[in-house]
Amino acid sequence: MKRIGVLTSGGDSPGMNAAIRAVVRKGLYHGLEVYGIYQGYHGLMEGHIKKMDAGSVGDIIHRGGTILQTARSKEFMTPEGREKAVRVLKEHQIEGLIVIGGDGSFRGARELSRMGIATIGVPGTIDNDIPVTDYTIGFDTATNTVVEAIDKIRDTATSHERTFVIEVMGRDAGDIALFSGLVGGAESILIPEEDFDIDEIVDRLVKAKQRGKKHSIIIVAEGVMSGAEFAQLIQERVGVEVRTSVLGHIQRGGSPSAFDRMLGSRLGAYAVELLLQGKTSRMVGIQRNKLIDEDFDVALSQKHELDLSIYRLAKELSI
């Protein structure tokens, strides 16, 4: 193998640039030509490809987002679109492709592999919802962003003796809500994986107020309902003023944490090693701090499972 390409696809996440940097420099170290593909699968089909050198990825390890940009593409989901992508790769003599992204990005990479392009997936998504790997690139930074917001909102909540509902990202996975809620000291956490009991939550609020607590923080993952909807439920049941804060896309941005820089660097470099070993249609990941790789078919057939013991712990600690 002499030429490889790298692209980022789906939602951006802090640490993607660290992974891009690792792919480029690891490839160059082993004598490969490395090409950056801009704007994800859309850019691949359009031929937005540029040869990278060591300087191309200088001073990016600390930057959020992705220097290769990202985009979603309906055309790539069609057989014609994928054929176009393969044709572009062959025109550029790119033999191996590293895709940094989430579940949908991996499905696209698997299709390219079936069409003869060696592909390796690197899990990059703030939702931490990719099976097989313990953590995905960007999750740690996003969680720290939420915790920082919780700490600041608590100052205001205490000053005004109010209840705040904070809506965080997580349509199908409650990892951000759960981790940030636990370490942020939230009184209640709502996640898609578990049904909530409104009576229990109201009882917690009432008892907290009776023992003199000056504020309450409730974390709601967007996949459960909107923060505004849940705040309305609480107001109707308790009769207290409830404020809502929707963190939104602020959770995607910012300088990646040390953990995400490390994770991106390790996974990006390992993806290059797998291509050099002649492997394809596999994703890289980390389990118990050890690098692993798994076949796309196996990984995509599994469902992400949240550790509900953490959910139970959060309830026990928020009495």
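As the structure is a computational prediction, the values presented were derived from the model and not from experiment. (Residues numbered from 1 in each chain as written. Predicted model: local features only at pLDDT ≥ 70, side-chain atom pairs only at ≥ 80, totals over all residues. Heavy atoms only, no water.)

A. How the structure looks around the overall build of the protein. Broken down by element type, the protein carries 11 helices and 11 strands. Here the C-alpha atoms of the protein give a radius of gyration of 22 Å, agreeing with the 20 Å that 2.2 N^0.38 yields for 319 residues. Each principal axis of the C-alpha distribution contributes one length, and for the protein these read about 70 × 35 × 35 Å. Taking all 319 residues of the protein together, the buried fraction comes to 53%. Long-range pairs, those at least 24 residues apart, make up 74% of the contacts in the protein with a sequence separation of at least 6. As displayed, the protein has an accessible area near 14300 Å², and 47% of this comes from carbon and sulfur atoms. Between the mean site of the 39 positive side-chain charges and the mean site of the 44 negative ones, the protein shows a separation of 4 Å. (Helix = DSSP H or I, 4+ residues; strand = E, 2+ residues; numbered from the N terminus. Rg over C-alpha atoms; globule rule 2.2 N^0.38 Å. Buried < 20%, exposed > 50% of the residue type's maximum accessible area, 1.4 Å probe, protein only. Contact = heavy atoms within 4.5 Å. Areas by Shrake-Rupley, 256 points an atom, 1.4 Å probe, with all protein chains shown as cover. Lys, Arg positive; Asp, Glu negative; His and termini not counted. Charge placed at Lys NZ, Arg CZ, Asp CG, Glu CD.)

B. Quick peek at the sheet that holds strand S9 (residues 242-246). Strands sit in the order S7-S8-S6-S9 across an open sheet of four strands; the sheet is parallel. Looking at strand neighbours, the two that pair on one side only are strand S7 (188-190) and S9, the edges of this open sheet. When strand polarity is set aside, the average angle formed by the axes of neighbouring strands in this sheet is 20°. Docked against the sheet, helix H5 (residues 139-160) engages strand S6 (163-168), strand S8 (216-221) and S9, running at close to 160° with respect to S6. Contacts between helix H8 (residues 227-238) and the sheet are confined to S6, S7, S8 and S9, with S9 contributing the most and set at about 170° to the helix. (Pairing = 2+ DSSP bridges. Axes fitted to C-alpha atoms, helices over the stretch in contact; angles between N-to-C directions.)

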